[in-house]
Amino acid sequence: MRIWCFDCFTDEEEEGRLKQSAMDNNNNNNNDDVDLDLNQTELGVSEDERWPMCEEMMRAATEEEEEDGTELEQLWSSEIRSHPHLVLQGESSNAAAAAAVGEDCTMEEADHDSYHKRAKVYSGLAESRSASGVSSDAGSSVERTVSFGVASSSRTDVDMFCQNFILNYSRKDGKKDEGDDNGSSESEDFEVHIDLTDDLLHMVFSFLNHIDLCRSAMVCRQWRVASSHEDFWKALNFENMRISIEQFEDMCLRYPNATEVNVYGTPSVNALAMKAATTLRNLEVLTVGKGHISENFFQALGECNMLRSVTVNEAILGNGAQEIHLSHDRLRELKITKCRVMRLSIRCPQLRSLSLKRSNMSQAMLNCPLLQLLDIASCHKLLDAAIRSAAISCPQLESLDVSNCSCVSDETLREIAQACASLHILNASYCPNISLEVDSSVHLPMLTVLKLHSCEGITSASMTWIANSPALEVLELDNCNLLTSVVLHLSRLQSISLVHCRKFTELNLQSVMLSSITISNCPALRRITITSNSLRRLALQKQENLTTLVLQCQSLQEVDLSDCESLSNAVCEIFSDDGGCPILKSLILDNCESLTEVRFSNSSLASLSLVGCRAVTSLELKCPRIEQICLDGCDHLETALFQPVALRSLNLGICPKLSVLNIEAPYMVSLELKGCGVLSEASIICPLLTSLDASFCGQLRDDCLSATTSSCPLIESLVLMSCPSIGSDGLSSLNGLPNLTVLDLSYTFLMNLEPVFKSCIRLKVLKLQACKYLTDSSLEPLYKEGALPALEELDLSYGTLCQTAIDDLLACCTHLTHLSLNGCVNMHDLDWGSTNVQPFDYFGVYSSGETTREPAEAANRLLQNLNCVGCPNIRKVLILPAARFYHLSTLNLSLSVNLKEVDLACSNLVLLNLSNCCSLEVLKLGCPRLASLFLQSCNMDEAGVEAAISRCCSLETLDLRFCSKISSVSMARFRAVCPSLKRVFSSPNLAD
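Remember, predicted model here, so these are calculated numbers, not experimental data.

Can you tell me about the overall build of the protein chain, naming the residues and giving the values?
A tally of helices and strands in the protein chain yields 24 helices and 51 strands. Burial statistics for the protein chain: of 992 residues in total, 51% are counted as buried. Contacts in the protein chain between residues far apart in sequence, at least 24 positions, make up 49% of those at least 6 positions apart. Looking at the protein chain as shown, the accessible area adds up to about 41500 Å², and 48% of this sits on carbon and sulfur atoms.

Kindly report on the pattern of salt bridges, identifying the contributing residues and their values.
One pass over the structure, following the stated rule, counts 21 salt bridges. When the shortest N-O distance is used, the salt bridge between E323 and R343 registers 3.6 Å. With a gap of 20 residues between them, E323 in strand β8 (residues 323-327) and R343 in strand β10 (residues 343-347) connect regions that are remote in the sequence. Take R343: its relative accessible area is 30%, and that puts it in the partly exposed class. As a salt-bridge pair, K622 and E620 come within 4.0 Å of each other at their nearest N and O atoms. A relative accessible area of 22% means that E620 is categorised as partly exposed. Several salt bridges converge on common partners, so that one network encompasses E597, R599, E620 and K622.

Before we move on, could you go through the environment of N651 and cite the residues and values that matter?
By secondary structure assignment, the location of N651 is in strand β32 (residues 649-651). Accessibility expressed as a relative area gives 37% for N651, which makes it partly exposed. Through-space distance from the C-alpha of N651 to that of I629 is 9.1 Å; in sequence the pair is 22 residues apart. Here G653 takes part through its backbone nitrogen, which lies 2.9 Å from a polar atom of the side chain of N651.

Quick one: what's the story with the pairing of strand β7 (residues 309-317), residue by residue and with numbers?
Within β7, 8 of the 9 residues are buried, which leaves the element mostly enclosed by the surrounding structure. Relative to β7, strand β6 (residues 285-293) runs parallel, the two sharing 8 bridges. Across the sheet, H292 pairs through a bridge with I316, a residue of β7. Handedness of the β6-helix α13 (residues 295-300)-β7 crossover: right-handed.

Explain the nonpolar core residue by residue, including any values.
Within the largest apolar cluster, 267 residues are counted, with the highest numbers of intra-cluster contacts made by L317, V486, F575 and F642. Apart from the residues within four sequence positions on either side, V486 is in contact with M463, L477, I496, L498, F504, E506, L507, N508 and L509.

Any chance you could break down the pairing of strand β20 (residues 506-510) for me, citing the residues and the numbers?
Examined bridge by bridge, strand β18 (residues 485-489) and β20 share 5 bridges and lie parallel to one another. Across the sheet, the residue bridging to V486 is L507, located in β20. Here β20 runs beside strand β22 (residues 527-532); their pairing, made up of 5 bridges, is parallel. What sits directly across from L507, in β22, is I528.

Explain a nonpolar patch on the surface to me, and be specific about the residues and the numbers.
Taken together, the side chains of Y667, V669, L688 and L714 make up a nonpolar region of the molecular surface, amounting to roughly 320 Å² of accessible area. Positionally, L688 belongs in the loop between β35 (681-685) and β36 (691-693).

Any details on unusual backbone geometry? Residues and values, ideally.
Q643 connects to P644 through a cis peptide bond whose omega is -15°. Relative to the elements of secondary structure, P644 occurs in strand β31 (residues 639-645). The backbone of H500 sits at a positive phi, close to 60°, despite the residue not being glycine. By relative accessible area, H500 is classed as partly exposed at 37%. One non-glycine residue, A770, lies in the positive phi region at around 55°. Within the fold, A770 resides in the loop between β39 (765-767) and α21 (780-784).

Tell me about the packing of helix α14 (residues 384-392) against helix α15 (residues 410-419), and please be specific about residues and values.
The contact between α14 and α15 brings their axes to 9 Å, and the two run at 10°. Taken together, the axis directions place α14 and α15 in an arrangement best described as roughly parallel. Together, D384, I387, R388, A391 and I392 of α14 and E411, T412, E415, I416 and A419 of α15 make up the contact between the two elements. Partitioning the contact of α14 with α15 into residue classes produces 5 nonpolar, 1 polar and 4 charged.

Account for the side chain of D231, naming residues and giving values.
By the secondary structure assignment, D231 is in the loop between α10 (221-227) and β4 (235-237). Buried charged residue D231 carries no salt bridge. Nearest counter-charge: K234, at 4.7 Å.

Help me get a handle on the confidence of the model for the protein chain, residues and values and all.
If pLDDT is low for a region, its predicted coordinates should not be looked at in detail. Looking at the protein chain as a whole, its pLDDT mean stands at 80, while 77% of the residues score no less than 70. Confidence drops under a pLDDT of 50 for residues 1-194, and excluding neighbours within four residues, the segment shows 340 contacts in the predicted structure. This stretch, residues 835-858, has a pLDDT under 50; its non-local contacts, to residues over four places away or in other chains, come to 37 contacts.

Explain the environment of I245 residue by residue, including any values.
Here I245 lies in helix α11 (residues 245-254). If we ignore the near neighbours within four places in the chain, the residues touching I245 are S268, A271 and L272.

Reading guide: rules and limits
Residues numbered from 1 in each chain as written. Predicted model: local features only at pLDDT ≥ 70, side-chain atom pairs only at ≥ 80, totals over all residues. Heavy atoms only, no water. Helix = DSSP H or I, 4+ residues; strand = E, 2+ residues; numbered from the N terminus. Buried < 20%, exposed > 50% of the residue type's maximum accessible area, 1.4 Å probe, protein only. Contact = heavy atoms within 4.5 Å. Areas by Shrake-Rupley, 256 points an atom, 1.4 Å probe, with all protein chains shown as cover. Salt bridge = Lys/Arg side-chain N within 4 Å of Asp/Glu carboxyl O. Polar contact = N/O pair within 3.5 Å; in protein donor to acceptor, adjacent residues only side chain to side chain. Pairing = 2+ DSSP bridges. Right-handed = clockwise from strand over helix to strand, strands pointing away. Core = buried A, V, L, I, M, F, W, Y, C linked by side-chain atoms within 4.5 Å. Patch = residues over 30% accessible without salt bridge, like charges linked within 9 Å, V, L, I, M, F, W, Y side chains within 5 Å. Axes fitted to C-alpha atoms, helices over the stretch in contact; angles between N-to-C directions. Parallel < 35°, antiparallel > 145°, perpendicular 65-115°, else oblique. Nonpolar A, V, L, I, M, F, W, Y, C, P; charged D, E, K, R; others polar. Lys, Arg positive; Asp, Glu negative; His and termini not counted. pLDDT = per-residue confidence, 0-100.

Quick look at the structure:
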């Protein structure tokens, strides 16, 4: 027997390659088997025409075979070239090609056919076949049967299988093809055997699905025989395939031991189902549907003694108006869903599961004494009496689904409860006539799951009947609009759902096993009382009228009460140590606008969120394990006490009305108080604090700063910008901060920096922006006495220092790397390194009788970044090599409106910004590493710019936007002068 598979590939490249291979085989190979790949779209034929064309092509290909077999070797070579990574060392080219055939297997396909996977190894398979497939008995009569599927528009696993052609050849006399044994064929010259034993190959193939088995059959005879083994074809899935009765009958004869058959959606579904029922004696699972199913089919099922499961979906049973009888002694599962039938009569003594969902029968007579699961959901034509009769005839019933059966009444449920004492699951959703107001003596002691979605008759009185179900674990009451209260004490209740209950006002639950509560969109809910030892998470968002919450939940760890606008301050007691949540870790109270005073004393709380609680004025936390707190939107907070907390960082800058602050945080490293303008009392005890930002704390005084530096000795960064109340006494306390490296005193009224120079010997960054009360002599200790030897960054922007003080600073403080002089009105020409100035004189430092600390003549400047933005009195900038600014990399002179001349010779300058220097006329650049030049809104002409950039061999970015004297034709000239240019920005009227 031979099985050849032809696949309509989804991968275009592989499809074209295998098509060409099939054409080469048809024309040149000396074989009596031919590979074909028919594509309906490309052939332009209908699905019904494919079979005659396939047979004609097979006949023509067989007649035109040639003896020369060299093209077959080329075919395998092309397979190897297409999948070079699959070639194994020591294996033949045929083995590599074979490995490549199944590379498209996906995990989804493997899961789809997981029933193939087995560990057992079988022996006795057919002997190895050659890759050429040559037959010496080409003239013998051959019986040919073809089974195939048609590709559909949906690319599912089933569709992929439908696209495979299975061509089977078997000799009428039943003898083995002699070409497999004699070895005398001419193809033996290039025949290469795959070194795989039959048992090993069988085990490998057991992990393949049907699609890959068909592909593997094209590799060689050995694989063809191995892939056709009946162990791999126990399940015959022809869902949505166009398969004829003859083809199906041939498959049934070839694999008589098949146990599963699926002919759902086939053209002749009834005939195929009948054939399967009468031919396959070992059939266990049968799936049919999408068509007319005759009554004879159900009668034929009685002859399938091994049948265990039958599924009939979307079918018309009989003529749709007659009674259908089904009798089977061993059937265990039956599904008749979405079917048209008048009446059903089922006698299956071993039946365990029956689903009639969405079928329109008016009556169902059941004789299934062992039935455990009955699903008659959405059977709208079933009357109350029919439902009652069907259910009570099954005394062993454990699961019943009558959802969307509008006729079901309380009387039916009462009789079911009496007859089916073992009922575990009941789904009566969307049954408007159910109220459960029945005799309380009738109950379901074994009921574990009760679903009552959208039951309009359910009220608070219904809870009495529910309370008599001691084993109840899951209760769903969504959209029960007349329900006002739920009071249940059920020891085994684990889950309850109350969604969109518009009149629901009170919930009282007591269950030690309760672990899940879903409450949403219950606008009238006011009171909740919960007692549970298993509940870990409670979410009650947007319960706007909730005022009372009582919890006794020993395992509760997370609570979300977002947008519960009516909660009062009393809720804090619930979540304190004396409340009912001893191991609470996370609490969210966002947008609880009725909270005014929040006080928590909780030894387990780790996270607290009060976002949007705008009415809170006082916050007191005694939570030694709290690590995270969010106070965004608490803009009325006045008093904050954190004693103690485990916070590592805290931002209170969003609380502009904060006036009193006490923090005891042994692990805190960062504290931000920016914007707390009325903060006057602050006790900060954070021994590990390294960063403190008190910007704009206008009421912060010297005594508070002294106390803070004493209790926080590890501070490295201190920002006191716009703290006008800080004076010399407060700055003197900085000597208690030996690690202080960053100090910001911008916008203060300081006149004397002597305490800073004495106390902060390790200071690296000093910011003095807009300190207008500093005199020219305020910085003399820096360049006369060598104060702050570690200083690297100095910001003197918008100050009143004179030119001489600035020049002295530059001359002597050679260790500075960043200097900002933005907006300094006393800044004049920067003439550094000109030859007409005496040594050291180009910095404005003259040797006289004064005790001036002169710089070393050969000292190199470490300055890297110089900012002189918006200095209106700068007219000339001259920096020559003699100035020794070898490290200068960034120079910003933008907005210097009177700047006319710039002459730079800086070997390491990378960025130069001269934007909005509208008076600039002369630009000379000797900067070989300059990469970015900004000249926005400058009045330089084209010649000046061209001359300036001609010596900048590394320039990549040139910004000439809003330069009125530069035309669009100049862009090409600039690129020619400076070939390294990559980006030239110009105004919209200029061309790049």
